[in-house]
Amino acid sequence: MSLDKNTMKRLMLLIFYTIALLSLALKPERALSGLLWLFGLLAPFLCGAAIAFVLNVPMRFIERQLSGGKAAREGGFQRPVSLIITLALVFLVLGIVFFLLYPELADTFKSLGEMIPQFFMDLQALLEEKFAREPEVLEFISVLWEEINWKSMLEQIGGFVTTGAGSVLSSAFNAAASIASGLTAFGIAFIFAIYILLQKERLARQFKKLFYAYFPERTVSEWLRIGRMAEQTFSKFLAGQCMEAVILGTMFFIALSLLKLPYALLIGVLIAFTALIPVFGAFIGCAVGTFLTLVVNPVQAVWFVIVFFVLQQIEGNLIYPHVVGNSVGLPSIWVLAAVSIGGSMLGVLGMLAFIPLGSVVYALVREDADRRLKKKAAKPVPRPGKGGCAEDEKKK
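In this text, all values refer to a predicted model and were calculated from it rather than measured experimentally. (Residues numbered from 1 in each chain as written. Predicted model: local features only at pLDDT ≥ 70, side-chain atom pairs only at ≥ 80, totals over all residues. Heavy atoms only, no water.)

Draft legend 1. Geometry of the packing of aromatic side chains. Summed over the entire model, instances satisfying the criterion amount to eleven aromatic pairs. Ring centres of F211 and W223 lie 6.3 Å apart, and the angle between their planes is 85 degrees; this geometry places the pair in the edge-to-face category. Taken together, the residues span a long stretch of sequence, with F211 in helix α6 (residues 200-214) and W223 in helix α7 (residues 217-258) at a distance of twelve residues. Judged by relative accessible area, F211 falls into the partly exposed class, the value being 28%. Ring geometry for F252 against F308: centres 5.7 Å apart, planes inclined by 40 degrees, an arrangement best described as tilted. Placement of F252 in helix α7 and of F308 in helix α10 (residues 298-328) is noted, with a sequence separation of 56 residues between them. We note that F252, like F308, is buried. Feature note: the residues F207, F211, F215 and W223 constitute an aromatic cluster, connected by ring pairs. (Phe/Tyr/Trp six-rings, centres within 6.5 Å; stacked < 30°, edge-to-face > 60°. Helix = DSSP H or I, 4+ residues; strand = E, 2+ residues; numbered from the N terminus. Buried < 20%, exposed > 50% of the residue type's maximum accessible area, 1.4 Å probe, protein only.)

Here it is as structure tokens:
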């Protein structure tokens, strides 16, 4: 066998794959810890790439508006101006949401602070009335009170407090360190995202050059086609999901305001944010909204649940299929499967990522199936002659 360049490359790949498989088979714990260490090392940059992808959706639209409907020219003024406008819009939206929610949240916690003591006072009055009617209950409690070993209980509580103080202090330091580490990682990710957005064409050219240098041209072309499909699908899904969340939150705000139910603005904004999580997100907002309304008036909480399910049906059957469903091109049953699998694997992030990812996989499988069916249909099918199999044998 001649050891040319291609043969050496294949041998090196075979050796690499063999070592990787042996490492996974013999030492799976070390391999997993190594993968986790590598993921932790790359996490700020992966997070920065995700931030850049999200910000690129509105930034690209602003670039085209500044360029007269054309793609922005690299090195022109449109790129930094569009980035500044995008960041300003993001911070403006977050600021408006904060200043709208802060008075509502302050009033909510103030109301809860006033209602909870009143609830316990009502509970105390009810228990006293109950004990007055049924003295045997009070007698049972007094007997139970006398049987408790208070000395032993106090010693156990003191030991728990003594041993637990150190762990609580250690947990507080660990929490502070985790917060500081998270803020540092987010800062690195944000700066990395800005660099990506300012030099995205140059980075794309560098990655293309790298891929074409080390992989076959046909394989790289197919990867690039799949990457463009994934980018378009994710962008459409992100824009559609944000639009759907705004529409749903506005519907709830208007409906609750017309019915004069409490916390209309707070619940509308909350449902708009939770609706960013596909399928199940709005139900989280429903649970919180039901609790807030229940504290004020139980009857109004029932009306809120009714309004929620009515608006949810309108949104699920009319708005979501047109705004989001058509943008990703994924049937409803596979949307539910993607949300369930993504949520079980990666939580909320998985729910957001697996719908467009499932749409890409669905499109690729459909293309491959159609291509295979066309090949099968193009093959000539042998037909028997007029005399059947006997005549065919004679011809042979």
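The discussion continues.
Draft legend 2. Up close: the environment of A353. Looking at where A353 falls in the secondary structure, it is placed in helix α12 (residues 348-378). With a relative accessible area of 23%, A353 lands in the partly exposed category. The sequence separation of A353 and G342 amounts to eleven residues, and the corresponding C-alpha distance is 7.3 Å.

Draft legend 3. Up close: unusual backbone geometry. The backbone of K260 sits at a positive phi, close to 60 degrees, despite the residue not being glycine. Its place among the elements puts K260 in the loop between α7 and α8 (264-274). Although it is not a glycine, Y263 adopts a positive phi angle of roughly 55 degrees. Summarising the element assignment, Y263 is placed in the loop between α7 and α8.

Draft legend 4. Structural context of the pattern of salt bridges. Tallying each qualifying case throughout the model produces eight salt bridges. Between D368 and R371 there is a salt bridge, with its nearest N and O atoms 2.9 Å apart. Note that D368 and R371 are positioned in helix α12 at a spacing of three residues, about one turn of the helix. Residue classification places R371 among the partly exposed positions, given a relative accessible area of 44%. Among the salt bridges present, the one from R372 reaches D368, with a minimum N-O distance of 2.8 Å. Here the residue R372 and the residue D368 both occupy positions in helix α12, the gap between them amounting to four residues, near one helical turn. (Salt bridge = Lys/Arg side-chain N within 4 Å of Asp/Glu carboxyl O.)

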